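Close look at the chain arrangement
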Amino acid sequence: MTMFFNSLRLALRSTLANKMRSFLTMLGIIIGVMSVIVLVSIAQSTTSSITSAISSMGSDLITVTVTDEDVSVTADDYMVLEDYDSIAGVAPYLTVSSTARYGSNYTTVSAIGVTEEYMDVAGLEMEAGRSIVLSDLEWRTYVAVIGTEVAGDLFESYDVSGKTFTMSGHTFTIVGLLAESGSDTTGSLDSRILIPLTTAERVADSTAVTTCYVKADSANDVTLAQAITEYQMLLLTGDEDSYEVYNMSELLDTLSDVMSTLSLMLGGIAAISLLVGGIGIMNIMLVSVAERTREIGIRKAIGARRSHILLQFLIEACVLSILGGLIGLGLSALGLQIFSLAADMTIAMEWRAAIAALLFCIIIGVVFGSYPAAKASKMTPIDALQRI
Amino acid sequence: MLVLEHIYKTYYVGDEAVHALDDVSLHVRPQEFVAICGPSGSGKTTLMNVMGCLDLPDSGTYILDGIDIADCSDRELSLIRSEKIGFVFQQFNLLDSMSALENVELPLIYQKCSQKERIERAKAALDKVGLANRMQHRPSQLSGGQQQRVAIARALASDARVILADEPTGNLDSKSGNDVMRLICDLSDQDNTIVLITHNMEIAKLAQRIVYVRDGRLYDKSEEAGL
């Protein structure tokens, strides 16, 4: 054990004695470790932010879209689905893209015509006021529940209850404000305006509702609910190519599959640069052995065993690789911080990648250090001493 | 102490065989101070390498302190070098990256001494050679004579039974050379076994016994060797 610490001290000293050379040798490892950690961390953070955005939309949610323009399905047609036990809620909705105006302010919105069940099915929360209720639907009132972004754009304030705006030639009275929900892959979720479905039908001058959310009773019922929905849609349209039924969890699975393959691939490519760094270490260790032949001879003459010499050079190689690994770890922590600030998103260091990269560094030190070390240890003292 | 019987060692330089040691037999008694004297190329350095277990003879037996070297593994040879032999080389062979103290400590590291004992013994050895005030100096900061004394301290620190000195004054001016020789004579008076290798007759005369070597053969008298 003392032997080990002596070798370690010696290795640190010789690493420090040749600062420039040691740094250049470590650079390969530093870059390798950094690329592994940074790339994998960014990939993982992006994946988790996308998947959390998707799963917040509800993995028990089934989306139905009628793609065939010739097929007309009305809101009531969807409601037959409510009779099934495995289905907790059905919310047909109709999206009308339009421009909302208030005074000189205007903003492009997607006005979504919804039923009273929509809020619950889509998992939306109210910030203030009330949501769309049954009587709004019966009376086709011109009321609206708006997202925070719309409120900001039109009124520059969240105190919007009772205010009015115009859209598609009609004046809408605001009855509620949606809670902020960020953005997903389709864009900001806070630029939505909810209006009664019946009102939307009138604005769009059509009773055909092409989209509907179906909420399964529980996560276990998703598959069954999806099958029922598909069956009912086939009955309604008579053509299985005219509609699409899909579920978020499927999308989520596919996405996380793709992303984990991607981050593995990135990690693998980065690992190649680690390997190249390891070859750099081997190269410099061979030079070091050649340079210190006389030292090896002296050490052997005064009693060093083969294993002592082997240990000395092996530890030196490991010190180079591990020190490089640690510097790389530090720099990637710093780099991720900077990247987080620049990209305005939190990117957590992927610890598994960091640990894997450091372990890889140790392996590289041992593997690429062992050949030069073995070469050094096998020198006969007489040969080593005579080569000056 | 050292018993060499019919030792042969042949080198090949290209196709030509060089008989560096040709039927060499030599007995060195404990606490004896023997000088091996001969011109360059006579095989005396090869003889020292064999005696120091740095090199193995082609044939013949070499018994060091009761151990037959031919039976030893590489590991056992390292142990013998570590515990029984102290080397003093012509070109000092100190490690430049280490202080005088650390150089003297080095053989003790391989003897697995504790750090405390190591420093104590190394300091005592440096004190003995009169370099107590130069412990933290690097070899490059010391004069040739001082460097050679550090090397002698290194040989002493390991408690070696035999000190093998190969032209210890070869790279020194006459004053430092005299200092080093005086030190070696002192060590001999303190009952160390010393084998001194030199081509300088004046220096060889300081030893209790001189053997002469020429073309790989040993002679007891200089006339026999034709010197």
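Here the structure is a predicted model, which means the values were calculated and not measured.

Before going further, it helps to examine the overall build of chain A. Regarding its fold elements, chain A presents 13 helices and 12 strands. C-alpha atoms of chain A, sized along the principal axes, occupy 105 × 50 × 35 Å. Burial status across chain A gives 40% buried among its 388 residues. Intrachain contacts of chain A at a sequence separation of at least 6 include 83% that bridge at least 24 residues.

Another aspect to go through is the overall build of chain B. In terms of helices and strands, chain B carries eight helices and 10 strands. The C-alpha radius of gyration computed for chain B amounts to 17 Å, which stays within 12% of the reference 17 Å derived for 227 residues, consistent with globular compactness. Principal axes of the C-alpha set define a box for chain B whose edges measure 45 × 40 × 35 Å. Burial analysis of chain B (227 residues in total) assigns 47% to the buried set. For chain B, the share of sequence-separated contacts (at least 6 apart) that also reach a separation of at least 24 residues comes to 69%.

What follows covers the sheet that holds strand β6 (residues 85-88) of chain B. All names here are of chain B. Pairing is mixed in the open sheet, where six strands are placed in the order β6-β7-β8-β3-β9-β10. Two strands close off the open sheet at either side, each with one partner strand: β6 and β10 (217-219). Put simply, the sheet's adjacent strands are angled 20° from each other on average, direction ignored. Here strand β7 (residues 162-166) pairs with strand β8 (residues 193-198) via five bridges, running parallel. Directly across from A165, in β8, lies its bridge partner L196.

Across the boundary between the two partners, chain B contributes 20 residues, which contact 16 residues of chain A. The biggest single contributor to the side of chain B that touches chain A is helix α2 (residues 74-83) of chain B, with five residues. Along the lines of polarity and charge, the residues of the side of chain B that touches chain A split into seven nonpolar, seven polar and six charged.

On to the environment of M135(B), then. Residue and element names in this part refer to chain B. As for its position among the elements, M135 is in the loop between α4 (115-128) and α5 (144-157). Residues M135 and V195 lie 60 residues apart in sequence; the distance between their C-alpha atoms is 27 Å. Excluding anything up to four places from it in sequence, M135 contacts S99, A100, L101, K123 and L126.

A separate point is the nonpolar core. Membership of the largest hydrophobic core comes to 118 residues, with the highest contact counts inside it found for V33(A), I37(A), A153(B) and V195(B). The element that contributes the greatest number of residues to this core is helix α11 (residues 306-343) of chain A, accounting for 13 residues. If we ignore the near neighbours within four places in the chain, the residues touching V195(B) are V28(B), V34(B), I36(B), M51(B), V162(B) and L164(B). The next biggest cluster of nonpolar side chains, apart from the first, holds 55 residues, and it includes L94(A), I112(A), V203(A) and L236(A).

This part covers the pairing of strand β3 (residues 33-37) of chain B. For a regular strand, the rule is simple: side chains alternate between the two faces of the sheet. Residues and elements named next belong to chain B. Across the five residues of β3, five count as buried, placing the element largely inside the fold. A two-sided burial pattern is seen for β3, the buried positions comprising F33, A35 and C37 on one face and V34 and I36 on the other. Pairing of β3 with β8, which is carried by five bridges, proceeds in the parallel orientation. Across the sheet, residue I36 finds its bridge partner in β8, namely I197. Note: β3 against strand β9 (residues 209-214), four bridges, orientation parallel.

Here helix α1 (residues 2-17) of chain A is 16 residues long and its end C-alpha atoms lie 22 Å apart, about the 22 Å a rise of 1.5 Å per residue gives. Where α1(A) is buried, its residues contact α11 of chain A together with α3 (100-110) of chain B.

With that out of the way, let us pick up the packing of helix α9 (residues 248-291) of chain A against helix α12 (residues 351-377) of chain A. Residue and element names in this part refer to chain A. For the pair α9 and α12, the least separation of the axes is 9 Å and the interaxial angle reads 30°. Taken together, the axes of α9 and α12 lie roughly parallel to each other. Crossing angle aside, the handedness with which α9 passes α12 is right-handed. Contact with α9, carried on its side by G267, A271, L274, G278, I279, I281, M282, M285, L286 and V289, involves A353, F360, I364, G365, V367, F368, G369, Y371, P372, K375 and A376 of α12 and no other residues of that element. Broken down by class, the residue content of the contact of α9 with α12 amounts to 16 nonpolar, four polar and one charged.

Bringing α11(A) into the picture now. When the terminal C-alpha atoms of α11(A) are compared, their 54 Å separation across 38 residues agrees well with the 56 Å that a helix rising 1.5 Å per residue should span. Two residues or fewer past α11(A), D344(A) is found with a positive phi of approximately 55°.

Okay, the sheet that holds strand β5 (residues 67-68) of chain B next. Residues and elements named next belong to chain B. If you trace the four strands from one edge of the open sheet to the other, you get β2-β1-β4-β5, paired in antiparallel fashion. Only two strands of the sheet have a single partner each, and these edge strands are β2 (16-28) and β5. Pairing of strand β4 (residues 59-64) with β5 involves two bridges; the strand directions are antiparallel. Note on β5: the bridge partner recorded for L64 is I67. Each of β1 (2-13), β2 and β4 touches helix α1 (residues 44-51); the most contacted strand, β2, lies at about 60° to it.

Often, the extent of an interface is quoted as the loss of accessible area on bringing the components together. Its domain assignment divides chain A into domain 1 (2-53 + 253-386) and domain 2 (68-241). Computed from C-alpha coordinates alone, the two centres of domain 1 of chain A and domain 2 of chain A are separated by 56 Å.

Here the focus is the pairing of β2(B). Residue and element names in this part refer to chain B. Sheet analysis places β1 next to β2, joined by nine bridges and oriented antiparallel. Bridge pairing in β2 links Y11 to V18. Turn length for the β1-β2 hairpin, with the two strands adjacent in sequence and antiparallel, is two residues, and the turn residue G14 shows positive phi of about 65°.

Criteria and thresholds
- Residues numbered from 1 in each chain as written.
- Chains lettered and ligands numbered in written order.
- Predicted model: local features only at pLDDT ≥ 70, side-chain atom pairs only at ≥ 80, totals over all residues.
- Helix = DSSP H or I, 4+ residues; strand = E, 2+ residues; numbered from the N terminus.
- Buried ≥ 20, exposed ≤ 12 C-beta atoms within 10 Å, placed from the backbone.
- Contact = placed C-beta atoms within 7 Å.
- Rg over C-alpha atoms; globule rule 2.2 N^0.38 Å.
- Pairing = 2+ DSSP bridges.
- Axes fitted to C-alpha atoms, helices over the stretch in contact; angles between N-to-C directions.
- Nonpolar A, V, L, I, M, F, W, Y, C, P; charged D, E, K, R; others polar.
- Core = buried A, V, L, I, M, F, W, Y, C linked by C-beta atoms within 7 Å.
- Expected span 1.5 Å × (residues − 1).
- Parallel < 35°, antiparallel > 145°, perpendicular 65-115°, else oblique.
- Left-handed = near helix turned anticlockwise from the far one by under 90°.
- Domains from an automatic or database assignment.

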